[in-house]
Amino acid sequence: PEAIKTVANSRGLVPLPENYKPDDYAIVCGRGRGNYNCEGNILFRQIVAQYVDQYLQSESKAAKTLVLVQVLEQVKHDSRGKCRFVKQRPEDGLWCELGEVAAREKAGHALREC
């Protein structure tokens, strides 16, 4: 299933237009309170919290991956398909979109941190 509006099966960063600014649906990756308090990040954390028990009870890697896909599908649904995982490149400040694989990795990290 299509998990998030990202570049399919990509770990890499896909540059966004130079004038891109994260909107309320952007899940901003990176450190700092500014990112933590973004609307997209708040929505993401709320959804992740709903799946923590299911993730921790999953015994196989395949079962955990299924939970990650469910998290991303829920994020997509709750944002009406508008969300995207973004990160700002430190070397030039350009915003980039994370690929699907990287988005799943971020969701897994968030589930393990809860």
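Everything discussed here concerns the structure shown above.
Please read these numbers as outputs of a predicted model, since none were measured by experiment.

Conventions adopted
Residues numbered from 1 in each chain as written. Predicted model: local features only at pLDDT ≥ 70, side-chain atom pairs only at ≥ 80, totals over all residues. Heavy atoms only, no water. Phe/Tyr/Trp six-rings, centres within 6.5 Å; stacked < 30°, edge-to-face > 60°. Helix = DSSP H or I, 4+ residues; strand = E, 2+ residues; numbered from the N terminus. Buried < 20%, exposed > 50% of the residue type's maximum accessible area, 1.4 Å probe, protein only. Lys NZ or Arg CZ within 6 Å of the ring centre and 35° of its normal. Pairing = 2+ DSSP bridges. 1 Å grid on protein atoms, 1.4 Å probe; cavity = no way out; pocket = protein on both sides within 12 Å on 5 of 7 lines; lining within 4 Å. Points joined across faces, edges and corners; volume = space filled by probe spheres on them. Nonpolar A, V, L, I, M, F, W, Y, C, P; charged D, E, K, R; others polar.

1. With respect to the packing of aromatic side chains
Evaluation of the coordinates by the stated rule reveals 2 aromatic pairs. For the pair Tyr20 and Trp95, a centre-to-centre distance of 6.3 Å together with 70° between the ring planes defines the contact as edge-to-face. One end of the pair, Tyr20, is in the loop between strand S1 (13-15) and strand S2 (26-29); the other, Trp95, is in strand S4 (residues 95-98), with 75 residues separating them in the sequence. A residue is classified by how much of its surface remains accessible, and Tyr20, at 12% relative accessible area, is buried. Overall, Trp95 belongs to the buried group, its relative accessible area being 13%. With a centroid separation of 5.4 Å and an interplanar angle of 85°, the aromatic rings of Phe44 and Phe85 are classed as edge-to-face. Of the two residues, Phe44 is situated in helix H2 (residues 39-57) and Phe85 in strand S3 (residues 84-88); the sequence distance between them amounts to 41 residues. Assigned by exposure class, Phe44 and Phe85 land together as buried. Between Arg45 and the ring centre of Tyr36, over which it is positioned, the NZ or CZ distance is 3.7 Å.

2. Some words on the pairing of S2
Along S2, one buried face is formed by Ala26 and Val28 and the opposite face, lined by Ile27 and Cys29, is buried too. Where S2 lies against S3, 4 bridges are found, and the strand directions are parallel. Note on S3: the bridge partner recorded for Val28 is Val86.

3. Considering the layout of surface pockets
Computed from the structure, the largest pocket encloses a volume of approximately 650 Å³. Lining of the largest pocket is provided by 19 residues; of these, Gly30, Asn41, His109, Ala110 and Glu113 occupy positions nearest its centre. Residue classes in the lining of the largest pocket are distributed as 9 nonpolar, 5 polar and 5 charged. In this structure, the second largest pocket occupies an estimated 220 Å³ of space. Among the secondary structure elements, those contributing two or more residues to the lining of the second largest pocket are helix H3 (61-78) and helix H4 (100-113). Across the lining of the second largest pocket, the residue classes break down as 3 nonpolar, 2 polar and 6 charged.

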